[in-house]
Amino acid sequence: QVQLVESGGGLVQAGDSLRLSCAASGRSFSGVAMGWFRQAPGKEREIVAAITSYGGGTYYTNSVKGRFTISRDNGKNTVYLQMNTLKPEDTATYYCAADRWRAGIQYRVNEYEYWGQGTQVTVSS
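Residues numbered from 1 in each chain as written. Predicted model: local features only at pLDDT ≥ 70, side-chain atom pairs only at ≥ 80, totals over all residues. Heavy atoms only, no water.

Quick look at the sheet that holds strand β7 (residues 68-73) now. The strands making up a sheet associate through backbone hydrogen bonding, with each pair oriented either parallel or antiparallel. Within the open sheet, the four strands sit side by side as β1-β3-β8-β7. Their pairing is antiparallel. The open sheet has two edge strands, β1 (3-7) and β7, and neither has a second partner. For this sheet, the mean inter-axis angle between neighbouring strands, taken without regard to orientation, is 15°. With five bridges connecting them, β1 and strand β3 (residues 18-25) associate as antiparallel partners. Looking at the pairing, Gln3 lines up with Ser25 of β3. (Pairing = 2+ DSSP bridges. Helix = DSSP H or I, 4+ residues; strand = E, 2+ residues; numbered from the N terminus. Axes fitted to C-alpha atoms, helices over the stretch in contact; angles between N-to-C directions.)

For strand β5 (residues 46-51), a buried count of five out of six residues is recorded, marking the element as mostly surrounded by other parts of the structure. Bridge analysis of strand β4 (residues 34-39) against β5 gives five bridges, and the strand direction is antiparallel. The residue bridging Gly35 from the neighbouring strand is Ala50, located in β5. Adjacent in sequence and paired antiparallel, β4 and β5 are bridged by six residues, among which Gly42 carries a positive phi angle near 80°. As judged from the three bridges shared by β5 and strand β6 (residues 58-60), these two strands associate in the antiparallel manner. Note on β6: the bridge partner recorded for Ala50 is Tyr59. Between β5 and β6, which pair antiparallel in sequence order, lie six residues; one of them, Gly55, sits at a positive phi of approximately 80°. (Buried < 20%, exposed > 50% of the residue type's maximum accessible area, 1.4 Å probe, protein only.)

Our focus in this paragraph is the pattern of salt bridges. Scanning all chains against the criterion turns up six salt bridges. Linking Arg38 and Asp90 is a salt bridge whose minimum nitrogen-to-oxygen distance equals 3.0 Å. Residue Arg38 is located in strand β4, and its partner Asp90 is located in the loop between β8 (78-83) and β9 (92-98); the two are separated by 52 residues in the primary sequence. Of the two residues, Arg38 and Asp90, neither departs from the other in class, the shared state being buried. Between Arg100 and Glu113 there is a salt bridge whose closest N-O contact spans 3.4 Å. Of the two residues, Arg100 is situated in the loop between β9 and β10 (114-115) and Glu113 in the loop between β9 and β10; the sequence distance between them amounts to 13 residues. Exposure remark for Arg100: the relative accessible area of 44% places this residue in the partly exposed category. (Salt bridge = Lys/Arg side-chain N within 4 Å of Asp/Glu carboxyl O.)

Looking now at unusual backbone geometry. Although it is not a glycine, Asn77 adopts a positive phi angle of roughly 55°. Tracing the backbone through its elements, the reader meets Asn77 in the loop between β7 and β8. Look at Asn77 and you get buried, because its relative accessible area is 13%. Positioned with a positive phi, Thr85 is a non-glycine residue whose angle comes to about 45°. Relative to the assigned elements, Thr85 resides in the loop between β8 and β9.

Keep in mind that these numbers describe shape and distance, not what the molecule does.
Given below as structure tokens:
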């Protein structure tokens, strides 16, 4: 059974940092792209960052460029999202996602096969 389990969310103040982790099990994801999405109340789920299968390429949505960093450790079957200089508008539930077989970055929710349960990030002003 494939599982993605996120951790690392919490309540922080504006300007603080958090590091999200997504541990995968049930199969190896070293050969596929993975991503982080977020969804705020009343809004659609949106991509935050994504990374290619072996970490050679990354993507960030404009609002997090320069503040967030996505990385992966294929030996641990884990992907990370380092979030610095957090802002109240970063408040959302953050989800980890994995493609089924593609190595290149995907941008849309429906392009990812596997999803975690989400971890809440709340940034107070």
